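Structural description and commentary
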Amino acid sequence: MTGVRHTTTASPVGDLTLVADGDALVGLYFDGHRRTPRLTDLGPRTDDGFDEVVRQLGEYFDGERTEFDLPLAPRGSAFERRVWALLTTIPHGETRTYGQLAVELGEPGSAQAVGNANGWNPISIVVPCHRVVGASGSLTGYAGGLERKRFLLTLEEPPAEAEGRLF
């Protein structure tokens, strides 16, 4: 497939809009996404070419997938793309703070810029910006809303026995 195109798919967190350009996923947006996508032309609506994305999302929501294996081409500044690449290294079931990510980028004073880049992530869920929390571990802003962020983090939470918890 060539050119920008989009489709929608149902999920436990509501309808998702998937946007592709060629073979690469360039956008995944929630219904009521809090930040207007920078990608203003979503192209024509078609279901063609989205089978693999939809399959992997289904596996993720069914608890059968912990990583995505899709070609991605997020559009943003060089700094944003560095942040988004770093987000994909946060393991399933774990979180990081904005400050931790800033240190990992080698720019310890850039936590606020990391937060801004995180907020502009165009490929929600697949590029797991929901795994980033505030310095105190609290849930902070999320383009899909805090209810969806809580849902995704709960979905990824390791079983109690794996953590040695009793309940």
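As a reminder, the structure under discussion sits directly above these lines.
As the structure is a computational prediction, the values presented were derived from the model and not from experiment.

Take the side chain of Gln56 next. Here Gln56 shows up in helix α1 (residues 51-61). In this structure Gln56 comes out as buried when scored by relative accessible area, which is 1%.

Here we come to the sheet that holds strand β2 (residues 16-21). The strands making up a sheet are joined through hydrogen bonds of the backbone, oriented either antiparallel or parallel. One open sheet accounts for three strands, arranged β1-β2-β3; its pairing is antiparallel. Strands with a single pairing partner mark the edges of an open sheet, and in this sheet they are β1 (4-9) and β3 (24-30). On average, each strand axis in the sheet is inclined to that of its neighbour by 20°, with strand direction left out of account.

What follows concerns the environment of Pro128. Take Pro128: it is sitting in the loop between α4 (111-119) and β5 (132-133). Considered as a pair, Pro128 and Leu152 are 24 residues apart in the sequence and their alpha carbons are 9.4 Å apart. With residues up to four places along the chain from it excluded, the contact list for Pro128 reads Leu87 and Thr88.

Structurally, Ala73 is set in the loop between α1 and α2 (78-87). Expressed as a C-alpha distance, the spacing of Ala73 and Ile123, which sit 50 residues apart in the sequence, is 9.1 Å. With sequence-adjacent residues up to four places away left out, Ala73 is seen in contact with Ala24, Leu25, Val26 and Ile123.

Right, let's talk about α1 for a bit. Here α1 has its buried residues at Val53, Gln56, Leu57, Glu59, Tyr60 and Phe61. Those residues of α1 that are buried lie in contact with β1, β2, β3 and α5 (146-156). Positive backbone phi, at 80°, marks Gly63, one or two positions downstream of α1.

Here is what the cut-offs are and how they apply
- Numbering of residues begins from 1 in every chain and follows the order in which that chain's sequence is written.
- For a predicted model such as this one, the threshold for reporting local features is a pLDDT of at least 70, and the threshold for listing and counting side-chain atom pairs is 80 or more; totals across whole chains, interfaces and linings nevertheless cover every residue.
- As a convention, hydrogens and water are excluded, and side-chain values are obtained from all of the structure's heavy atoms.
- What counts as a helix is a DSSP run of H or I of at least four residues, what counts as a strand is a run of E of at least two, and both are numbered from the N terminus.
- For every residue, the accessible area (1.4 Å probe, protein chains only) is compared with the maximum for its type, and the residue is labelled buried under 20%, exposed over 50%, or partly exposed between those bounds.
- Strands were regarded as paired on the criterion that DSSP finds at least two bridges between them.
- Each axis is a line fitted through C-alpha atoms, taken for helices only over the stretch in contact, and angles between the N-to-C directions span 0 to 180 degrees.
- Whether two residues are in contact is decided by their heavy atoms: any pair within 4.5 Å suffices.

By themselves, these are just geometric observations and shouldn't be taken as functional.
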